[in-house]
Amino acid sequence: MTKLISIVSPVYGCSECLEELYEKVKSAFPNNNLEWELILVDDRGPDDPWSTITKLSKIDHRVKGIRLSKNSGQHMAIWVGLQNSNGDWVAVIDCDLQDDPSIIPELFSTAIDQKVEAVIVNRGSWSDTWFRRAASRIFYNIVNLLAGVKLEIVNVPSETKDE
(Lines give C-alpha, C1' and ligand atoms only; values in the text may rest on other atoms or scores of the structure.)
Protein backbone atom coordinates (compact mmCIF):
# COMPACT_ATOMS: atom_id res chain seq x y z
CA MET A 1 0.00 0.00 0.00
CA THR A 2 1.46 3.33 -1.08
CA LYS A 3 1.72 5.99 1.61
CA LEU A 4 1.53 9.73 1.02
CA ILE A 5 4.10 11.84 2.84
CA SER A 6 3.26 15.54 3.21
CA ILE A 7 6.27 17.80 3.56
CA VAL A 8 5.31 21.13 5.15
CA SER A 9 7.72 24.00 4.89
CA PRO A 10 7.13 27.53 6.20
CA VAL A 11 8.70 30.01 3.79
CA TYR A 12 10.21 33.24 5.05
CA GLY A 13 13.28 35.00 3.75
CA CYS A 14 14.57 32.17 1.61
CA SER A 15 12.90 32.33 -1.79
CA GLU A 16 16.25 31.63 -3.45
CA CYS A 17 16.26 28.13 -1.87
CA LEU A 18 12.82 26.99 -3.02
CA GLU A 19 13.76 25.49 -6.38
CA GLU A 20 16.62 23.57 -4.78
CA LEU A 21 14.31 22.44 -1.97
CA TYR A 22 11.83 21.15 -4.55
CA GLU A 23 14.57 19.28 -6.44
CA LYS A 24 15.91 17.71 -3.24
CA VAL A 25 12.43 16.62 -2.15
CA LYS A 26 11.75 15.16 -5.59
CA SER A 27 15.04 13.24 -5.59
CA ALA A 28 14.40 11.91 -2.04
CA PHE A 29 11.52 9.72 -3.21
CA PRO A 30 12.66 7.62 -6.18
CA ASN A 31 11.49 4.00 -6.31
CA ASN A 32 10.51 3.64 -2.67
CA ASN A 33 6.72 3.19 -2.85
CA LEU A 34 6.11 6.56 -1.22
CA GLU A 35 4.14 9.39 -2.77
CA TRP A 36 4.75 12.96 -1.62
CA GLU A 37 3.36 16.44 -1.61
CA LEU A 38 5.31 19.59 -0.80
CA ILE A 39 3.31 22.29 0.97
CA LEU A 40 5.06 25.66 0.87
CA VAL A 41 3.47 28.21 3.20
CA ASP A 42 4.39 31.79 2.26
CA ASP A 43 4.66 33.71 5.54
CA ARG A 44 4.96 37.01 3.67
CA GLY A 45 8.69 37.40 3.98
CA PRO A 46 10.67 40.34 2.63
CA ASP A 47 11.79 38.51 -0.52
CA ASP A 48 8.25 37.75 -1.87
CA PRO A 49 8.58 34.01 -2.63
CA TRP A 50 5.04 33.69 -4.00
CA SER A 51 6.06 33.84 -7.68
CA THR A 52 8.50 30.95 -7.19
CA ILE A 53 5.93 28.94 -5.25
CA THR A 54 3.28 29.38 -7.96
CA LYS A 55 5.82 28.51 -10.66
CA LEU A 56 6.72 25.27 -8.87
CA SER A 57 3.06 24.36 -8.33
CA LYS A 58 2.38 24.83 -12.06
CA ILE A 59 5.18 22.50 -13.13
CA ASP A 60 4.42 19.80 -10.53
CA HIS A 61 0.96 19.05 -9.13
CA ARG A 62 2.59 17.67 -5.96
CA VAL A 63 3.63 21.19 -4.93
CA LYS A 64 0.95 23.15 -3.08
CA GLY A 65 1.35 26.82 -2.24
CA ILE A 66 -0.47 28.60 0.57
CA ARG A 67 -0.08 32.34 1.04
CA LEU A 68 -0.83 33.86 4.42
CA SER A 69 -2.53 37.27 4.44
CA LYS A 70 0.25 38.72 6.61
CA ASN A 71 3.41 37.65 8.37
CA SER A 72 2.18 35.41 11.17
CA GLY A 73 5.33 33.61 12.21
CA GLN A 74 6.80 30.17 11.69
CA HIS A 75 4.47 28.32 14.07
CA MET A 76 1.32 29.65 12.41
CA ALA A 77 2.73 28.82 8.98
CA ILE A 78 3.46 25.26 10.11
CA TRP A 79 -0.04 24.93 11.60
CA VAL A 80 -1.63 26.14 8.34
CA GLY A 81 0.50 23.66 6.40
CA LEU A 82 -0.49 20.81 8.70
CA GLN A 83 -4.17 21.75 8.36
CA ASN A 84 -3.85 21.56 4.57
CA SER A 85 -1.83 18.36 4.33
CA ASN A 86 -3.31 15.20 2.87
CA GLY A 87 -0.57 12.78 3.84
CA ASP A 88 -0.64 9.65 5.92
CA TRP A 89 2.53 11.05 7.49
CA VAL A 90 3.85 14.61 7.71
CA ALA A 91 7.40 15.96 7.81
CA VAL A 92 8.05 19.58 8.76
CA ILE A 93 11.26 21.03 7.34
CA ASP A 94 12.85 24.44 7.05
CA CYS A 95 12.84 25.89 3.53
CA ASP A 96 16.47 27.05 3.80
CA LEU A 97 17.73 23.46 3.44
CA GLN A 98 18.93 23.39 7.03
CA ASP A 99 17.00 20.12 7.07
CA ASP A 100 17.94 17.56 4.41
CA PRO A 101 14.84 16.18 2.66
CA SER A 102 16.70 13.01 1.63
CA ILE A 103 16.36 11.66 5.16
CA ILE A 104 12.53 11.75 5.14
CA PRO A 105 12.07 8.21 3.73
CA GLU A 106 14.51 6.93 6.40
CA LEU A 107 12.53 8.68 9.13
CA PHE A 108 9.31 7.15 7.83
CA SER A 109 10.92 3.71 7.75
CA THR A 110 12.23 4.19 11.30
CA ALA A 111 8.76 5.17 12.53
CA ILE A 112 7.20 2.08 10.91
CA ASP A 113 9.94 -0.30 12.10
CA GLN A 114 9.85 0.98 15.67
CA LYS A 115 6.03 1.31 15.70
CA VAL A 116 6.11 4.96 16.77
CA GLU A 117 3.86 7.79 15.66
CA ALA A 118 6.52 10.51 15.48
CA VAL A 119 10.23 10.79 14.92
CA ILE A 120 12.21 13.86 15.93
CA VAL A 121 15.59 14.30 14.30
CA ASN A 122 18.62 14.58 16.52
CA ARG A 123 20.80 17.08 14.68
CA GLY A 124 23.86 16.09 16.67
CA SER A 125 25.76 18.30 19.01
CA TRP A 126 24.61 21.87 19.38
CA SER A 127 26.54 24.83 20.60
CA ASP A 128 23.75 25.79 22.99
CA THR A 129 24.45 27.04 26.48
CA TRP A 130 24.19 24.75 29.46
CA PHE A 131 20.99 26.54 30.46
CA ARG A 132 19.38 25.97 27.03
CA ARG A 133 20.23 22.24 27.06
CA ALA A 134 18.88 21.88 30.59
CA ALA A 135 15.68 23.73 29.66
CA SER A 136 15.20 21.40 26.67
CA ARG A 137 15.63 18.32 28.88
CA ILE A 138 13.12 19.71 31.36
CA PHE A 139 10.65 20.48 28.55
CA TYR A 140 10.81 16.92 27.17
CA ASN A 141 10.43 15.45 30.65
CA ILE A 142 7.34 17.59 31.25
CA VAL A 143 5.86 16.52 27.90
CA ASN A 144 6.53 12.89 28.80
CA LEU A 145 4.90 13.32 32.20
CA LEU A 146 1.84 15.42 31.30
CA ALA A 147 1.00 14.19 27.81
CA GLY A 148 1.79 10.55 28.33
CA VAL A 149 3.96 10.73 25.21
CA LYS A 150 7.43 9.30 25.44
CA LEU A 151 9.86 11.35 23.38
CA GLU A 152 13.07 9.45 22.70
CA ILE A 153 16.03 10.38 20.58
CA VAL A 154 16.38 7.91 17.74
CA ASN A 155 19.59 8.29 15.79
CA VAL A 156 19.00 7.74 12.10
CA PRO A 157 22.23 7.32 10.19
CA SER A 158 22.67 9.86 7.43
CA GLU A 159 25.39 10.70 4.97
CA THR A 160 24.72 14.43 5.46
CA LYS A 161 25.84 14.93 9.03
CA ASP A 162 27.23 18.29 9.97
CA GLU A 163 30.80 18.15 11.12
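Rules behind the numbers
Residues numbered from 1 in each chain as written. Predicted model: local features only at pLDDT ≥ 70, side-chain atom pairs only at ≥ 80, totals over all residues. Heavy atoms only, no water. Helix = DSSP H or I, 4+ residues; strand = E, 2+ residues; numbered from the N terminus. Buried < 20%, exposed > 50% of the residue type's maximum accessible area, 1.4 Å probe, protein only. Contact = heavy atoms within 4.5 Å. Areas by Shrake-Rupley, 256 points an atom, 1.4 Å probe, with all protein chains shown as cover. Disulfide = S-S within 2.5 Å. Phe/Tyr/Trp six-rings, centres within 6.5 Å; stacked < 30°, edge-to-face > 60°. Pairing = 2+ DSSP bridges. Right-handed = clockwise from strand over helix to strand, strands pointing away.

(A) A look at the overall build of the protein chain. Of regular secondary structure, the protein chain possesses five helices and four strands. Starting at the N terminus and ending at the C terminus, the protein chain contains elements arranged as β-α-β-α-β-α-β-α-α. Here the protein chain holds 163 residues, and the buried ones make up 34% of them. Here the contacts in the protein chain between residues at least 6 apart in sequence split such that 77% fall between residues at least 24 apart. For the protein chain, the exposed surface amounts to about 10600 Å²; the carbon and sulfur share of it is 51%.

(B) Structural context of the state of the cysteines. Per the counting criterion, the structure on display carries one disulfide. The disulfide partner of Cys14 is Cys95, and the gap between their sulfur atoms is 1.9 Å. Across the disulfide from Cys14 to Cys95, rotation about the S-S bond amounts to roughly -55°, and the bridge is consequently left-handed. Highlighted residues: Cys14 in the loop between strand E1 (3–11) and helix H1 (18–28) and Cys95 in the loop between strand E4 (89–92) and helix H4 (104–113), separated in sequence by 81 residues. The exposure classification of Cys14 matches that of Cys95, with both residues buried.

(C) Broad picture of the environment of Ile78. Relative to the helices and strands, Ile78 is located in helix H3 (residues 74–83). In this structure Ile78 touches Val8, Pro10 and Val92, once residues within four positions along its chain are discounted.

(D) Quick peek at the packing of aromatic side chains. In this structure the tally under the stated criterion is three aromatic pairs. Relative to Trp36, the ring of Tyr22 has its centre 6.3 Å away and its plane inclined at 55°; by these criteria the two rings are tilted. Of the two residues, Tyr22 is situated in helix H1 and Trp36 in strand E2 (residues 34–42); the sequence distance between them amounts to 14 residues. For Trp36, a relative accessible area of 3% gives the class buried. Residues Trp89 and Phe108 carry aromatic rings whose centres are separated by 5.4 Å and whose planes lie at 85° to one another, so their mutual orientation is edge-to-face. Taken together, the residues Trp89 in strand E4 and Phe108 in helix H4 connect sequence positions 19 residues apart.

(E) Region of interest: the pairing of E2. Extensive coverage of E2 is indicated by the burial of eight of its nine residues. Across nine bridges, the pairing between E1 and E2 is parallel. By the bridge assignment for E2, Pro10 is matched with Val41. Note on the crossover from E1 through H1 to E2: the handedness is right-handed. Bridge analysis of E2 against strand E3 (residues 63–67) gives five bridges, and the strand direction is parallel. Paired with Ile39 across the two strands is Lys64, which belongs to E3.

(F) Representation of unusual backbone geometry within the structure. For Arg44, which is not glycine, the phi dihedral falls at a positive 55°. Within the secondary structure, Arg44 is located in the loop between E2 and helix H2 (50–59). Judged by relative accessible area, which is 35%, Arg44 ranks as partly exposed. Backbone geometry at Leu97 places phi at a positive 65°, although glycine is not the residue there. Here Leu97 is to be found in the loop between E4 and H4. Owing to a relative accessible area of 22%, Leu97 belongs among the partly exposed residues under this scheme.

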